[in-house]
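Each chain is listed here by its residues.
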Amino acid sequence: MASPIIDFLLTRNSAPIPDLKEPAPSDAEIATMIAAASRVPDHGRLEPWRFILYRGEARVEIGKKLAALAEQREGPLPEGRRNQELARFSRAPLVIGVVSVPRENPKIPQWEMFLSGGMAAMNLMISANALGYGTNMISNWYSDVPEGRAILGLSPQERVIGFVHIGSYQGPAPERPRPDPAKLYADYAGPWAG
Ligand SMILES: Cc1cc2nc3c(=O)[nH]c(=O)nc-3n(C[C@H](O)[C@H](O)[C@H](O)COP(=O)(O)O)c2cc1C
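Parameters at a glance
Residues numbered from 1 in each chain as written. Predicted model: local features only at pLDDT ≥ 70, side-chain atom pairs only at ≥ 80, totals over all residues. Heavy atoms only, no water. Helix = DSSP H or I, 4+ residues; strand = E, 2+ residues; numbered from the N terminus. Buried < 20%, exposed > 50% of the residue type's maximum accessible area, 1.4 Å probe, protein only. Contact = heavy atoms within 4.5 Å. Areas by Shrake-Rupley, 256 points an atom, 1.4 Å probe, with all protein chains shown as cover. Lys, Arg positive; Asp, Glu negative; His and termini not counted. Charge placed at Lys NZ, Arg CZ, Asp CG, Glu CD. Near = heavy atom within 4 Å. Polar contact = N/O pair within 3.5 Å; in protein donor to acceptor, adjacent residues only side chain to side chain. Phe/Tyr/Trp six-rings, centres within 6.5 Å; stacked < 30°, edge-to-face > 60°. UniProt positions renumbered as here; feature names shortened; annotations may be inferred. Salt bridge = Lys/Arg side-chain N within 4 Å of Asp/Glu carboxyl O.

What to know about the overall build of the protein chain
Item 1. Across its full length, the protein chain carries six helices and four strands.
Item 2. Its helices and strands taken in sequence order, the protein chain reads α-α-β-α-α-β-α-β-α-β from the N to the C terminus.
Item 3. Based on the C-alpha atoms only, the size of the protein chain along its principal axes is roughly 55 × 45 × 40 Å.
Item 4. Per-residue burial over the protein chain gives 38% buried out of 194 residues.
Item 5. Restricting the contact set of the protein chain to residue pairs at least 6 apart, pairs at least 24 apart contribute 81%.
Item 6. As displayed, the protein chain offers around 11,700 Å² of accessible surface, 57% of which is attributable to carbon and sulfur atoms.
Item 7. Averaging the positions of the 21 positive and the 21 negative side-chain charges in the protein chain gives two centres separated by 2 Å.

Structure representation (structure tokens):
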């Protein structure tokens, strides 16, 4: 059974972020990617996610703010570390923040909303890959810090699903060890017996 989609899924992997180069996806390609990213299972149709585009000069400004925040938290940074913070969002030509937006709902637990956000992030990456771009999603320390999330444009209620780095990439990406699928499933063996 030949299927280009299965072939793609069985070989898909992330590209190293420093190798994601210009050109970034066009505005029309980004619109296509967001349309695919928002076409995901979403219990209750709550749309518990949104997307923030980081591109151009904004990426440099964010780097300065993150370096300042890191210094505020940790004291003066060694030069290498400071440069790392400065470049956080400017290594790839486009970063799309996938943001979880929890909704108040009496029936639907918030963890299902987070899961829907993860699916949106995966669809975003797959559609970028299908358009010929490399991707890599990371979260990093600033996603776990309220001040970091504020710098990146999130409200106090919102959480980071991931920052999807996107750019042109001359693959193939280096493969990493993968789990043995045969060890990952089994027939149901009755209730948990401890
Ligand atoms: C939610 C989430 C957050 C991640 N955050 C980071 C991170 O902060 N730093 C990092 O090096 N990798 C992070 N990763 C892992 C990268 O995405 C990694 O490159 C990826 O798992 C490679 O696997 P793949 O080739 O199957 O895409 C994260 C992965 C997930 C799912």
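Next comes the rest of the write-up.
Focus: the site of the ligand
Item 1. Near the ligand you find Arg12, Asn13, Ser14, Asn136, Met137, Ile138, Ser139, Asn140, Ile161, Arg176 and Arg178, and these make up its full shell.
Item 2. In the environment of the ligand, an oxygen atom lies 3.0 Å from a nitrogen or oxygen atom belonging to the side chain of Arg176.
Item 3. Here Arg178 contributes a side-chain N or O atom positioned 2.7 Å from an oxygen atom of the ligand.
Item 4. If the ligand stood free it would expose 630 Å²; the protein chains cover 54% of that surface.

Quick word on the environment of Met119
Item 1. Of note, Met119 is situated in helix 5 (residues 110-130).
Item 2. It is 8.9 Å that separates the C-alpha atoms of Met119 and Ser38, two residues lying 81 residues apart in sequence.
Item 3. Leaving out residues up to four positions away in the same chain, Met119 has contacts with Val40 and Pro41.

Considerations on the packing of aromatic side chains
Item 1. Per the counting criterion, the structure on display carries seven aromatic pairs.
Item 2. Where Trp49 meets Phe51, the ring centres are 6.4 Å apart and the plane angle is 40°; that geometry is what we call tilted. As far as the burial class goes, Trp49 and Phe51 line up, both buried.
Item 3. Ring centres of Tyr54 and Phe163 lie 5.8 Å apart, and the angle between their planes is 65°; on these two criteria the pair is classed as edge-to-face. Of this pair, Tyr54 sits in strand 1 (residues 49-55) while Phe163 sits in strand 4 (residues 159-168), and the two are 109 residues apart along the sequence. Pair check on accessibility: Tyr54 and Phe163 agree, each one buried.

What about the UniProt feature "domain: Nitroreductase" (unreviewed entry) in the protein chain?
Item 1. Cross-referencing UniProt, the feature "domain: Nitroreductase" (unreviewed entry) maps to residues 21-167 in the present numbering.
Item 2. Helix and strand shares over residues 21-167 are 43% and 20% respectively, and the end C-alpha atoms of the span are 5 Å apart.

Focus: the pattern of salt bridges
Item 1. Here the structure, examined in full by the defined rule, presents eight salt bridges.
Item 2. In this structure, Glu85 and Arg81 form a salt bridge, with 2.8 Å as the shortest nitrogen-oxygen distance. Here Glu85 and its partner Arg81 are both found in helix 4 (residues 79-86), four residues apart, which amounts to about one turn of the helix.
Item 3. Residue classification places Arg81 among the partly exposed positions, given a relative accessible area of 22%.
Item 4. Arg88 is paired through a salt bridge with Glu85; the nearest N and O atoms lie 2.9 Å apart. Just as Arg88 is buried, Glu85 falls in that class too.
Item 5. Each of Glu74, Arg81, Glu85 and Arg88 takes part in salt bridges that share partners, so that together they form one network.

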